[in-house]
Amino acid sequence: MQGLVCSNISKRYETGKVALNKLSMSVESKGIFALIGRNGAGKTTLIRILATQLSPTSGAASLNGVDIIKDPHGIRERIAIVPQEARATPWLTPHETIFSYLLWRGFDTGEAHERADRAIKRLAIEEYADKSNRFLSGGIKRKVLVATVIASEAELIFLDEPTTGLDPISRNDLWNVLNELKKDRFIFLTTHYLEEAERLADNIGIIENGKLLGIGTLEELRKKVKYPYSIKMLDAGKKAAVRPKSGKVIRGLDGNSQILTSQKEAYAISDQFIKKGIKFSMNPISLDDIFYYLVKKPIENGEEHEEEYW
Amino acid sequence: MRRNIGSQLLASVLVNAVYAMKNYPIMLSYTFLSPLSMLLVIFFVSHGSLLGIGIEGGFIMAMVLSGVSMQGDLSHLKNDLKIQDMVVSSPTTAFVYILGMAISELVYSLPSLVTLIVLAALFIHTSLMGAIEIFLAMSLMFAFSIALGFMLSTFSSDVIQSWAFSGIVSTFLATIPPVYYPITYIPLPYRYIAYLSPTTYAAQIAQNAAGYVAVPGAILAIDWIVLIAVSIAIFIIAAKKTRWREK
Ligand SMILES: Nc1ncnc2c1ncn2[C@@H]1O[C@H](COP(=O)(O)OP(=O)(O)OP(=O)(O)O)[C@@H](O)[C@H]1O
Ligand SMILES: [Mg+2]
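Residues numbered from 1 in each chain as written. Chains lettered and ligands numbered in written order. Predicted model: local features only at pLDDT ≥ 70, side-chain atom pairs only at ≥ 80, totals over all residues. Heavy atoms only, no water.

## Notes on the overall build of chain A
Part 1 of the reasoning: From N to C terminus, chain A includes ten helices and 15 strands.
Part 2 of the reasoning: On the principal axes, the C-alpha backbone points of chain A span a range of 70 × 45 × 35 Å.
Part 3 of the reasoning: Counting every position in chain A, which comprises 310 residues, the buried fraction comes to 55%.
Part 4 of the reasoning: Counting only contacts in chain A whose residues sit at least 6 apart along the sequence, the fraction spanning at least 24 positions is 69%.
Part 5 of the reasoning: Here chain A displays about 13,800 Å² of accessible surface, and carbon together with sulfur accounts for 48% of that area.
Part 6 of the reasoning: Of the charged side chains in chain A, 45 are positive and 41 negative, and the gap between their average positions amounts to 5 Å. (Helix = DSSP H or I, 4+ residues; strand = E, 2+ residues; numbered from the N terminus. Buried < 20%, exposed > 50% of the residue type's maximum accessible area, 1.4 Å probe, protein only. Contact = heavy atoms within 4.5 Å. Areas by Shrake-Rupley, 256 points an atom, 1.4 Å probe, with all protein chains shown as cover. Lys, Arg positive; Asp, Glu negative; His and termini not counted. Charge placed at Lys NZ, Arg CZ, Asp CG, Glu CD.)

Laid out in structure tokens, this is it:
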């Protein structure tokens, strides 16, 4: 079967902890797939199983027909990974880090040097290329690791929280690199920045307690949510006598209220707001909203209200 | 893509030995010091009479330390830096990775090995056959300690744990057993305990090959058989028990 397919993957650690619970999913093996989920949801466990570092307790997985569990050697030819907790080796320079990784992948020294130079350029870390990793900042070290796998020939690249610790500009730069890279590779990443998943990913999976709550494009995920439109009041605390026929009103910590409702209802309410001169913004719900809806946590830790009038 | 196994071996040697030595030269003095310091002690205490045996002991110690320090290095690369995870998810096989690491430990030991070889050339007088026997016994010691080191590294989940393994292994394999002195120096009932360590057999072979002790042919044959059997056994256990892909 084409694509990345997992069927009924379970993982029970030696401690007894069940990190994955009969997880099944199927996603086309191109572009970017972003897996999001709370701390401990099972993202890293799934990635480590798919990257042949960890055996599942049961279940099967394949990449474009190659069995990941039974034929790890076949898969290892095609994948590369930056683990969540990987650290750039302190006694290597960025160039040496990338170069030696490429040697492990089996490149000749000449090609490994060339590819390392190109990856360094691509991530704009030339000025650090020959300094010891131990003298670099955390974000640069993170980029060095991402550069190692980008320099490889792997068709599937796993990045477990690649942008954690990057400043906003560096993060944006990395997004650009990944957007370029996804044209000919399949990138499987995890992130806690939902904006990142929204901006980058062709497909998004939401995992909670070792189970997949939803998977698909942002549009497809929106359809899983009862109220796919959001209206945000911009006058903090101001009340307005608007009665949404169906929907949900939530008050965030900033005092602003948010109405989640259907598209039709959203347009009707905004008409009323315009007539009354109330400031508001209306959007299809964001991945944040979908995430909270599916994982069932109140938005921004605010309280949930079912209000008729506001 | 055609993958170059030579490159894969080179990667382990560069990361674990060459680049490390370039950055932290102090490491060299450590691997240099350990086998030679014990030799120096033996030399003084025996008023020079055990110099030849001590040199052979230095070789055995260097071989054992290769496995011991590889064990610590592997644990660090695996648990702290997660490099091993990156290599597991790459075309490099466990065997090639470990072989590269084993070579890197030899590179590290070069200063002490070169010194020992010079000393051996000066002070150990043996035939070509004897030299070959010593070389073979040392090679088996090396293979044994590397397999043991790899196996232990896959069980340790923290480098602190692997320091404990290191101390225990080097004490029981190289310091206590009659590696730097003849086994006849150990009073009889205790002598049998020494035979629990494979290094004892290697030492006996080396000491006999250089003419320091005369070991009967039958016992010598047993020495070889035990040494080979133990090396093979630990290799099989290592191959079966090691967790390249974790459970
Ligand atoms: N080696 C292990 N042994 C036992 N339990 C583990 C092990 N590794 C992870 N777990 C547990 O499995 C669950 C899933 O962990 P995992 O690391 O996959 O989560 P995650 O989604 O990657 O979280 P985060 O966002 O914090 O990285 C957690 O409850 C964790 O405590
Ligand atoms: Mg994780």
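## Some thoughts on helix H5 (residues 94-123) of chain B
Part 1 of the reasoning: In this model H5(B) runs 40 Å from its N-terminal to its C-terminal C-alpha over 30 residues, within 8% of the 44 Å that 1.5 Å per residue would give.
Part 2 of the reasoning: The sharpest bend along H5(B) measures roughly 60 degrees and falls at B:Leu110, with the proline B:Pro111 sitting one to four residues further on. (Expected span 1.5 Å × (residues − 1). Bend = angle between axes of the 7 residues up to and from the residue.)

## Structural notes on the coordination of the magnesium ion (ligand 2)
Residues and elements named next belong to chain A.
Part 1 of the reasoning: With distances of 1.9 to 2.1 Å, the protein atoms coordinating the magnesium ion (ligand 2) are Thr44 (OG1) and Gln84 (OE1). With Thr44 in helix H1 (residues 43-50) and Gln84 in the loop between strand E6 (79-82) and helix H3 (94-104), this residue pair connects regions lying 40 residues apart in the sequence.
Part 2 of the reasoning: Residue classification places Thr44 among the partly exposed positions, given a relative accessible area of 25%. (Donors = N, O, S within 2.8 Å, 3.2 Å for Na, K, Ca; no water.)

## What about the packing of H5(B) against helix H6 (residues 128-155) of chain B?
Residue and element names in this part refer to chain B.
Part 1 of the reasoning: Running from amino to carboxyl end, H5 crosses H6 at an angle of 120 degrees, the nearest separation of the two axes being 11 Å. When the interaxial angle is binned, H5 and H6 end up oblique. You can see that H5 and H6 cross each other, and the crossing is right-handed. Every residue of H6 that contacts H5 at Ile98, Ala102 and Leu106 is listed here: Phe142, Ile146 and Phe150.
Part 2 of the reasoning: The residue makeup of the contact of H5 with H6, split by class, is six nonpolar, no polar and no charged. (Axes fitted to C-alpha atoms, helices over the stretch in contact; angles between N-to-C directions. Parallel < 35°, antiparallel > 145°, perpendicular 65-115°, else oblique. Left-handed = near helix turned anticlockwise from the far one by under 90°. Nonpolar A, V, L, I, M, F, W, Y, C, P; charged D, E, K, R; others polar.)

## Some details on the packing of aromatic side chains
Each aromatic ring pair is summarised here by two numbers: the centre-to-centre distance and the angle between the ring planes.
Part 1 of the reasoning: On inspection of all chains with the given rule, the structure shows eleven aromatic pairs over all chains.
Part 2 of the reasoning: For the pair A:Phe33 and A:Phe188, a centre-to-centre distance of 5.0 Å together with 80 degrees between the ring planes defines the contact as edge-to-face. Placement of the pair is A:Phe33 in strand E3 (residues 31-37) and A:Phe188 in strand E8 (residues 186-190), with a sequence separation of 155 residues.
Part 3 of the reasoning: A:Phe188 sits in the buried class, given a relative accessible area of 0%.
Part 4 of the reasoning: Seen in terms of ring centroids, B:Tyr181 and B:Tyr185 are 6.4 Å apart; in terms of plane orientation they differ by 35 degrees. Their pairing is tilted. (Phe/Tyr/Trp six-rings, centres within 6.5 Å; stacked < 30°, edge-to-face > 60°.)

## Overview of the sheet that holds strand E2 (residues 18-27) of chain A
Residue and element names in this part refer to chain A.
Part 1 of the reasoning: If you trace the four strands from one edge of the open sheet to the other, you get E2-E1-E4-E5, paired in antiparallel fashion. Across the chains shown, the open sheet's two edge strands, defined by having one partner strand only, are E2 and strand E5 (66-67).
Part 2 of the reasoning: When strand E1 (residues 4-12) meets strand E4 (residues 58-63), the two strands line up antiparallel, connected through five bridges. Bridge assignment links Ser7 to a residue of E4, and that residue is Ala60. (Pairing = 2+ DSSP bridges.)

## Remarks on the pairing of E2(A)
Part 1 of the reasoning: Strand direction decides the pairing type here: E1(A) and E2(A), joined by six bridges, are antiparallel. In the sheet register, A:Arg12 faces E2(A), and the bridge partner there is A:Val18.

## Digging into the side chain of A:Ser132
Part 1 of the reasoning: Checked against the element boundaries, A:Ser132 lands in the loop between helix H4 (109-122) and helix H5 (138-151).
Part 2 of the reasoning: If near-sequence neighbours (up to four positions away) are discounted, A:Ser132 is found in contact with A:Pro90, A:Trp91, A:Leu92, A:Thr93 and B:Asn23.

## So, the interface of chain B and chain A
Part 1 of the reasoning: Counting residues at the interface gives 38 residues for chain B, matched by 42 residues for chain A.
Part 2 of the reasoning: Approximately 3,600 Å² of surface area, both sides summed, lies buried where chain B meets chain A, with 55% of it carried by carbon and sulfur atoms.
Part 3 of the reasoning: When the buried surface of chain B facing chain A is broken down by residue, B:Met86, B:Ser89 and B:Arg245 rank first, second and third, together holding 21% of it.
Part 4 of the reasoning: For the pair chain B and chain A, the interface holds six salt bridges.
Part 5 of the reasoning: Counting across the chain B and chain A interface gives 26 residue pairs in polar contact (both at pLDDT 80 or more).
Part 6 of the reasoning: Elements with a minimum of two residues in the side of chain B that touches chain A: helix H1 (5-23), helix H3 (51-80), helix H4 (83-88) and H5 of chain B.
Part 7 of the reasoning: Of all the elements, H1(B) adds the most residues to the side of chain B that touches chain A, at eleven residues.
Part 8 of the reasoning: Considering only residue class, the side of chain B that touches chain A consists of 18 nonpolar, ten polar and ten charged. (Buried area = accessible area lost by both parts, 1.4 Å probe. Salt bridge = Lys/Arg side-chain N within 4 Å of Asp/Glu carboxyl O. Polar contact = N/O pair within 3.5 Å; in protein donor to acceptor, adjacent residues only side chain to side chain.)

## Considerations on the site of ligand 1
All names here are of chain A.
Part 1 of the reasoning: Lining the immediate surroundings of ligand 1 are 15 residues, of which Gly40, Lys43, Thr44, Thr45 and His192 lie closest.
Part 2 of the reasoning: Separating an oxygen atom of ligand 1 from a side-chain N or O atom of Asn39 is a distance of 2.9 Å.
Part 3 of the reasoning: In this structure, an oxygen atom belonging to ligand 1 sits 2.6 Å away from a side-chain N or O atom of Thr45.
Part 4 of the reasoning: Taking 640 Å² as the accessible area of ligand 1 by itself, protein coverage stands at 68%.
Part 5 of the reasoning: Class assignment for the residues of the shell around ligand 1 results in three nonpolar, eight polar and four charged. (Near = heavy atom within 4 Å.)

## With respect to the nonpolar core
Part 1 of the reasoning: In terms of nonpolar packing, the biggest core is built from 135 residues, with A:Leu178, A:Leu287, A:Ile290 and B:Tyr97 touching the most fellow members.
Part 2 of the reasoning: The element that contributes the greatest number of residues to this core is H3(B), accounting for 14 residues.
Part 3 of the reasoning: Here this core spans two domains, and each of domain 1 (4-218) and domain 2 (229-309) of chain A adds at least three residues to it.
Part 4 of the reasoning: What A:Leu287 contacts, discounting residues up to four positions off in sequence, is A:Ile36, A:Leu194, A:Ala197, A:Glu198, A:Ile204, A:Leu218 and A:Leu221.
Part 5 of the reasoning: Grouped together as the second largest cluster of nonpolar side chains are 29 residues, A:Ala41, A:Leu54, A:Ile68 and A:Ile69 included. (Core = buried A, V, L, I, M, F, W, Y, C linked by side-chain atoms within 4.5 Å. Domains from an automatic or database assignment.)

## Side note on the pattern of salt bridges
Any two side chains of opposite charge can pair, on the condition that their charged atoms come close.
Part 1 of the reasoning: For the coordinates displayed, the defined rule picks out 15 salt bridges over all chains.
Part 2 of the reasoning: Where B:Asp85 meets A:Arg48, a salt bridge forms, and the shortest distance between an N and an O atom there is 3.4 Å. Taken as a pair, B:Asp85 in helix H4 and A:Arg48 in helix H1 lie in two separate chains rather than in one. For the pair formed by B:Asp85 and A:Arg48, the shared burial category is buried.
Part 3 of the reasoning: One network of salt bridges, with partners in common, ties together A:Glu77, A:Arg105, A:Glu153 and B:Arg3.

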